[in-house]
Amino acid sequence: METASPPTFYIPRADVEFGLLLQMSDQTYCEWKGPASYWALARQPDLPVAWSYEKPRPRFEVIKDYIAFYPGRVDCFLGGEEVSPQAGRFYGGWLTSEVVGPCKGDPGTGHW
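### A few points about the overall build of the protein chain
Secondary structure assignment for the protein chain yields 0 helices and 9 strands. Beginning at the N terminus, the succession of helices and strands in the protein chain can be written as β-β-β-β-β-β-β-β-β. In terms of principal-axis extent, the alpha carbons of the protein chain reach across some 35 × 30 × 25 Å. Across the 112 residues of the protein chain, 34% fall into the buried class. Sequence separation of at least 24 residues holds for 35% of the intrachain contacts in the protein chain that already meet a minimum separation of 6. In the form shown here, the protein chain has an accessible surface area of approximately 7300 Å², with 53% of it arising from carbon and sulfur atoms. Separation of charge centres in the protein chain, based on 10 positive and 14 negative side chains, amounts to 8 Å.

Now the structure itself:
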């Protein structure tokens, strides 16, 4: 959980079909979690659909063997409910009927 963001779900690598994905050369750095790697669908190699932390900072070692997906770029479901994407190109939060905003990325939240 991040302040003013809907939850992001990290999926165990064992549950991901990596034959459909390509690791991208793009990387970013999160001040909390460390360097992030990005993944694209093999059929659409220029659009990141997921990210992972191959070498997370010590406090976030628990997500090392997990991958997170951007809802809206791939179909994501939680408990049978289709997930909506968090507003904004950068964010990867999962919005469901149980999430109450406002959330980062919504209009008027650029200063958050």
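Continuing now.
### Points about the pairing of strand β4 (residues 44–52)
As paired strands, strand β3 (residues 34–41) and β4 are joined by 5 bridges and run antiparallel to one another. Looking across to β4, one finds that W39 is bridged to A50. Counted along the chain from β3 to the antiparallel partner β4, the turn is 2 residues long. Pairing between β4 and strand β5 (residues 66–69): 3 bridges, direction antiparallel. Bridge assignment links W51 to a residue of β5, and that residue is A68.

### Digging into the pairing of β3
Counting buried positions over the 8 residues of β3 gives 7, a clear majority of the element. Across 7 bridges, the pairing between strand β2 (residues 21–30) and β3 is antiparallel. Each bridged residue has a counterpart across the sheet, and for L21 the counterpart in β3 is L41. The hairpin turn running from β2 into β3, its antiparallel successor, is 3 residues long.

### Notes on the packing of aromatic side chains
Considering all chains together, one arrives at 4 aromatic pairs under this definition. Measuring from centroid to centroid gives 5.1 Å for F18 and W39, while their planes differ by 70°, and the two rings are edge-to-face. On the criterion of sequence distance, the pair formed by F18 in the loop between β1 (10–12) and β2 and W39 in strand β3 is long-range, its members being 21 residues apart. Residue class for W39 comes out buried when judged on its relative accessible area of 8%. Taking 4.7 Å as the distance between ring centres and 50° as the angle between the ring planes, the aromatic pair formed by W51 and Y70 counts as tilted. With W51 in strand β4 and Y70 in the loop between β5 and β6 (77–78), this pair connects stretches of sequence that are 19 residues apart. A residue is classified by how much of its surface remains accessible, and W51, at 8% relative accessible area, is buried. Here Y70 falls in the buried class, since its relative accessible area comes to 6%. In this structure an aromatic cluster arises from ring pairing among Y10, W51 and Y70. A cation over a ring is seen here: R73 above Y70, with NZ or CZ 4.1 Å from the ring centre.

The rules behind these values
Residues numbered from 1 in each chain as written. Predicted model: local features only at pLDDT ≥ 70, side-chain atom pairs only at ≥ 80, totals over all residues. Heavy atoms only, no water. Helix = DSSP H or I, 4+ residues; strand = E, 2+ residues; numbered from the N terminus. Buried < 20%, exposed > 50% of the residue type's maximum accessible area, 1.4 Å probe, protein only. Contact = heavy atoms within 4.5 Å. Areas by Shrake-Rupley, 256 points an atom, 1.4 Å probe, with all protein chains shown as cover. Lys, Arg positive; Asp, Glu negative; His and termini not counted. Charge placed at Lys NZ, Arg CZ, Asp CG, Glu CD. Pairing = 2+ DSSP bridges. Phe/Tyr/Trp six-rings, centres within 6.5 Å; stacked < 30°, edge-to-face > 60°. Lys NZ or Arg CZ within 6 Å of the ring centre and 35° of its normal.

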